[in-house]
Amino acid sequence: MSDTTYMEELGRLVVVGQGYVGLPLSMRAVAVGWRVVGVDVDEGRAKRLAAGESYVDDVTDDDLCTALGTGRYQPVAEYGPAAGFDVAVVTVPTPLAEGAPDLSYIAEAGRSLARLVRPGATVVLESTTYPGTTEELFAPLLEAGSGLLAGRDFRLGYSPERIDPGNRTWNLANTPKVVSGVDEASLAAVRAFFDTIVTQTVAVSSTRTAELTKLLENTFRHVNIALVNELAMVAGQLGVDVWEAIEAASTKPYGFMRFTPGPGVGGHCLPIDPSYLSWRVRRSLGRNFRFVELANDVNDHMPDHVVARVTEVLNRRRRPVLGSRILLLGLAYKKNSGDTRESPAIRVASLLADLGADVRAADPHVERAQVPAAVRPVALDEAELAAADLVVVLVDHDQFPRDLVARHARAVLDTRRWLPVTPRIPAQRFAPVAERLGPASWERAGSPLVESL
Ligand SMILES: NC(=O)c1ccc[n+]([C@@H]2O[C@H](COP(=O)([O-])OP(=O)(O)OC[C@H]3O[C@@H](n4cnc5c(N)ncnc54)[C@H](O)[C@@H]3O)[C@@H](O)[C@H]2O)c1
């Protein structure tokens, strides 16, 4: 099928926001035949995209250049070129401001789009938000600015994004997508659009249900991660290896889902989305959503626990944190990603720097500008490993060389169970380390080489 046929069939799409969600959506839409205007009010971003430079991990420069090469992808910093769109998808940020949902980006995008909405067009909100946003906030803005009525004159719906940056199995195209509309015709239009983008759409009966579905998914993860994190903090003291217990529990074929401990939660979703839910429940119903508050409490304090463990491990080696050289592996909030938003690793780095440690960090995915000023970015090599009093594994990027770390690090605190804990490492593997350290080595004090969270 030629591009022209595609264009006639699939029409004109505007994707508002060209970030982690909007850019991959734009790329996919171009690939299946849409003519796409990607609007991002950040001029720098729009320029980088036009120059073929991607800043989103899951989109390579090659992907971007291919899209630009079709002539059907136009990244811009203003809304003008989006006029006459058939479908608009809004993927702007929904952060927290002093603990409360900040819907100003959605409101701004709504006001800007409203001027361009024509009868018969379809508008979809995709930003994560609390139940009621599409109908109570977004629809009135679109209606006021366009003079048209949602449902009657144009189609309006909500479809949450499930993209998992760095996940090589589940991507935008093969992950089922929940779709909804403010009425039957809107649902049909939203579904028809996403049927061109993903292999499976899942219709729900209202935009509120779709909004809640996303918050349920992320709250479920948040709560379960908090559960294993809290377990990790106490299991060691009970003489139990929490990781072994989790692996054993994971063999149960039903009724259990594997979650693993770590230094805390980060990114744009887990530290934020559940609070949208608890805020809405408190504001609308006057009650606390206790699971979210408890999970926030546990997960928010994981970086403090990591620092407490660093202090313990160094203490056993007769070293204060002050002046110790600590090498952090990973600053991103998750594996194989360069995203440092709300990253617990950054928090750990700052806390250790505040205590006077000489903090260095190796993360091949993270741009230098994202590294806190008090932390020295370094390459992960033999010399850095050998010179560190303690290596702390915060992110288990595939790129990190396990063997190199196991051979040259003097002491490791592993928050991800990336390395086997010492008793399970064959003795000969660490023999050279023990030799180098001589009689004053930590083994003499009965400490393992690799300690867990
Ligand atoms: N990142 C993820 O993994 C992920 C996954 C699922 C859902 N989400 C949700 O998707 C939404 C977007 O997240 P993201 O990670 O893509 O954010 P992002 O910050 O990476 O991208 C958002 C982009 O929108 C632009 N923008 C802001 N206001 C605008 C406006 N009025 N008009 C045009 N552009 C505007 C910003 O400049 C930015 O480039 C959020 O609600 C988030 O919770 C994110």
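What comes next is a walk through the structure. Because the structure is a prediction, the values reported are computed rather than measured. (Residues numbered from 1 in each chain as written. Predicted model: local features only at pLDDT ≥ 70, side-chain atom pairs only at ≥ 80, totals over all residues. Heavy atoms only, no water.)

**Thoughts on the overall build of the chain**
- A count of helices and strands for the chain gives 16 helices and 16 strands.
- A compact globule built from 453 residues should have a C-alpha radius of gyration of about 22 Å, and the chain, at 25 Å, falls within 12% of that.
- C-alpha extents for the chain along the principal axes are approximately 80 × 50 × 40 Å.
- Relative to its full complement of 453 residues, the chain shows a buried share of 53%.
- Across the chain, contacts joining residues at least 24 apart in sequence account for 70% of those joining residues at least 6 apart. (Helix = DSSP H or I, 4+ residues; strand = E, 2+ residues; numbered from the N terminus. Rg over C-alpha atoms; globule rule 2.2 N^0.38 Å. Buried < 20%, exposed > 50% of the residue type's maximum accessible area, 1.4 Å probe, protein only. Contact = heavy atoms within 4.5 Å.)

**Considering the site of the ligand**
- Taken together, 28 residues form the shell around the ligand, and within it Val 21, Asp 40, Arg 45, Tyr 79 and Thr 94 come nearest.
- Contact between the ligand and Asp 40: an oxygen atom at 2.5 Å from a side-chain N or O atom of the residue.
- In isolation the ligand offers 830 Å² of accessible surface; the protein chains occlude 93% of this area.
- Classifying every residue of the shell around the ligand by side-chain character gives 13 nonpolar, eight polar and seven charged. (Near = heavy atom within 4 Å. Polar contact = N/O pair within 3.5 Å; in protein donor to acceptor, adjacent residues only side chain to side chain. Areas by Shrake-Rupley, 256 points an atom, 1.4 Å probe, with all protein chains shown as cover. Nonpolar A, V, L, I, M, F, W, Y, C, P; charged D, E, K, R; others polar.)

**Considerations on the pattern of salt bridges**
- Here the structure, examined in full by the defined rule, presents 27 salt bridges.
- Two residues, Arg 48 and Glu 53, come together in a salt bridge whose shortest N-O distance is 2.9 Å.
- By relative accessible area, Glu 53 is classed as partly exposed at 35%.
- Ionic pairing is found between Glu 135 and Arg 208, a salt bridge with its closest N-O pair at 3.4 Å. One end of the pair, Glu 135, is in helix α6 (residues 133-146); the other, Arg 208, is in helix α8 (residues 207-235), and 73 residues separate them in sequence.
- Each member of the salt-bridge network shares a partner with another, and the members are Arg 309, Glu 312, Arg 316, Arg 317 and Glu 451. (Salt bridge = Lys/Arg side-chain N within 4 Å of Asp/Glu carboxyl O.)

**Thoughts on helix α2 (residues 22-32)**
- For α2, a buried count of nine out of 11 residues is recorded, marking the element as mostly surrounded by other parts of the structure.
- If you check which residues of α2 are buried, you get Gly 22, Leu 23, Pro 24, Leu 25, Ser 26, Met 27, Ala 29, Val 30 and Val 32.
- Of the residues trailing α2, Gly 33 is marked for its positive phi of about 115 degrees.

**What about the nonpolar core?**
- In terms of nonpolar packing, the biggest core is built from 41 residues, with Val 310, Ile 326, Leu 328, Leu 331, Leu 352 and Val 392 touching the most fellow members.
- Of all the secondary-structure elements, those providing two or more residues to this core are α8, α9 (242-249), α12 (302-316), β11 (325-329), α13 (344-354), β12 (358-362) and β14 (390-393).
- If you tally residues by element for this core, the top one is α13, at seven residues.
- Apart from residues no more than four positions distant in its own chain, Val 392 is found in contact with Val 306, Val 310, Ile 326, Leu 327, Leu 328, Leu 329, Leu 413 and Thr 415.
- Membership of the second largest hydrophobic core comes to 39 residues, among which are Ala 82, Val 92, Tyr 130 and Ala 210. (Core = buried A, V, L, I, M, F, W, Y, C linked by side-chain atoms within 4.5 Å.)

**Some points on the sheet that holds strand β16 (residues 450-452)**
- An order of β13-β12-β11-β14-β15-β16 is seen for the six strands of this open sheet, with the pairing classed as parallel. Two strands in the sheet have a free side with no partner beyond their single neighbour: β13 (376-377) and β16.
- With four bridges connecting them, β11 and β14 associate as parallel partners. Within the sheet, the bridge partner assigned to Ile 326 lies in β14 and is Leu 390. (Pairing = 2+ DSSP bridges.)

**Here's the deal with helix α3 (residues 43-50)**
- The N-cap of α3, judged by a side-chain oxygen 3.0 Å from the amide nitrogen of Gly 44 a few residues on, is Asp 42.
- Once α3 finishes, Gly 52 follows within two positions and takes phi at roughly 80 degrees, a positive value.

**What to know about the pairing of β11**
- Within β11, four of the five residues are buried, which leaves it mostly tucked inside the rest of the structure.
- Here five bridges tie β11 to β12, and the two strands are oriented parallel to one another. Paired with Ile 326 across the two strands is Val 359, which belongs to β12.
- Once you follow β11 into α13 and on to β12, the crossover reads as right-handed. (Right-handed = clockwise from strand over helix to strand, strands pointing away.)

**Considerations on the sheet that holds strand β2 (residues 35-39)**
- Judged by pairing direction, the sheet is mixed, and its eight strands sit side by side in the order β3-β2-β1-β4-β7-β8-β9-β10 without closing on themselves. Looking at the sheet topology across the chains shown, the edges are occupied by β3 (73-76) and β10 (201-203). Neighbour-to-neighbour, the strand axes of this sheet turn through a mean angle of 25 degrees, independent of strand direction.
- Pairing geometry for strand β1 (residues 12-16) and strand β4 (residues 87-90), over four bridges, is parallel. Residue pairing across strands places Val 15 opposite Val 89, the latter belonging to β4.
- On the sheet, helix α7 (residues 184-195) packs against β1, β4, β7 (122-125), β8 (155-158), β9 (177-181) and β10 and is oriented at approximately 150 degrees with respect to β9. (Axes fitted to C-alpha atoms, helices over the stretch in contact; angles between N-to-C directions.)

**Quick look at the pairing of β2**
- The buried fraction of β2 amounts to four of the five residues, a majority that puts the element mostly inside the structure.
- Where β1 lies against β2, five bridges are found, and the strand directions are parallel. Pairing of Val 15 across the sheet is with Gly 38, part of β2.
- Remark: the β1/α2/β2 crossover connection has right-handed handedness.

**Re the packing of helix α5 (residues 104-114) against α6**
- Contact geometry of α5 with α6 gives a least axis separation of 7 Å together with a crossing angle of 30 degrees. Viewed along their axes, α5 and α6 adopt a mutual orientation that is roughly parallel. The two elements α5 and α6 cross, and the hand of that crossing is right-handed. For the pair α5 and α6, contact is made by Ile 106, Ala 107, Gly 110, Arg 111, Leu 113 and Ala 114 and by Thr 133, Leu 137, Phe 138, Leu 141, Leu 142, Gly 145 and Ser 146, respectively.
- Of the residues assigned to the contact of α5 with α6, the class counts are eight nonpolar, four polar and one charged. (Parallel < 35°, antiparallel > 145°, perpendicular 65-115°, else oblique. Left-handed = near helix turned anticlockwise from the far one by under 90°.)

**Here we look at the environment of Asp 339**
- Topologically, Asp 339 is positioned in the loop between β11 and α13.
- Taking the C-alpha atoms as reference points, Asp 339 and Gly 356, separated by 17 residues in sequence, lie 26 Å from one another.
- In contact with Asp 339, other than residues within four places in its own chain, are Tyr 20, Asp 57, Ala 332 and Tyr 333.

In short, shape yes, function no, at least from these values alone.
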